[in-house]
Amino acid sequence: TEQEADNMKATLALQGFEAVVQTAEIPEKGIWHRVRVGPLKTLDQINQTKENLLANGFKSDLIKVNN
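What comes next concerns the included structure. (Residues numbered from 1 in each chain as written. Predicted model: local features only at pLDDT ≥ 70, side-chain atom pairs only at ≥ 80, totals over all residues. Heavy atoms only, no water.)

1. Examining the pattern of salt bridges
The test is simple: By salt bridge we mean one thing: a side-chain nitrogen of Lys or Arg within 4 Å of a carboxyl oxygen of Asp or Glu. Throughout, exposure labels follow a simple rule: accessible area from a 1.4 Å probe, protein chains only, divided by the maximum for the residue type, with under 20% read as buried, over 50% as exposed, and the rest as partly exposed.
Inspection of the entire model under this criterion finds one salt bridge. The salt bridge partner of D61 is K59, with a shortest N-O separation of 3.1 Å. Considered together, D61 and K59 belong to a single accessibility category, that of exposed residues.

This is the structure in structure tokens:
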């Protein structure tokens, strides 16, 4: 839910992660609220952030976004 996504964003912020909530309508699945951390520019940043997220109990997937 949107509330759960906002709560996760707040929890991440308290642990030092910058995150945003993105809302998207997924065909045949409805509205989803994604919590994304980043942007991360270097491989070192990516690896360190993934390790920190995992250590704090968060599952993460790497997604490359082209702007």
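2. As for helix 2 (residues 43-55)
Filter applied, for reference: Comment: elements are numbered from the N terminus, with helices defined as DSSP H or I runs of at least four residues and strands as E runs of at least two. In a helix, the anticipated span is given by 1.5 Å times the number of residues less one. Directions pointing from the helix axis toward each C-beta atom define the arc.
Here helix 2 is 13 residues long and its end C-alpha atoms lie 18 Å apart, about the 18 Å a rise of 1.5 Å per residue gives. All of the buried residues in helix 2 are I46, T49 and L53. Angular distribution of buried residues about the axis of helix 2 spans 70 degrees; they occupy a single face of the element. Those residues of helix 2 that are exposed and angled more than 90 degrees off the buried face are L43, D44, E51, L54 and A55. Just downstream of helix 2 lies G57, where phi reads positive at about 85 degrees.

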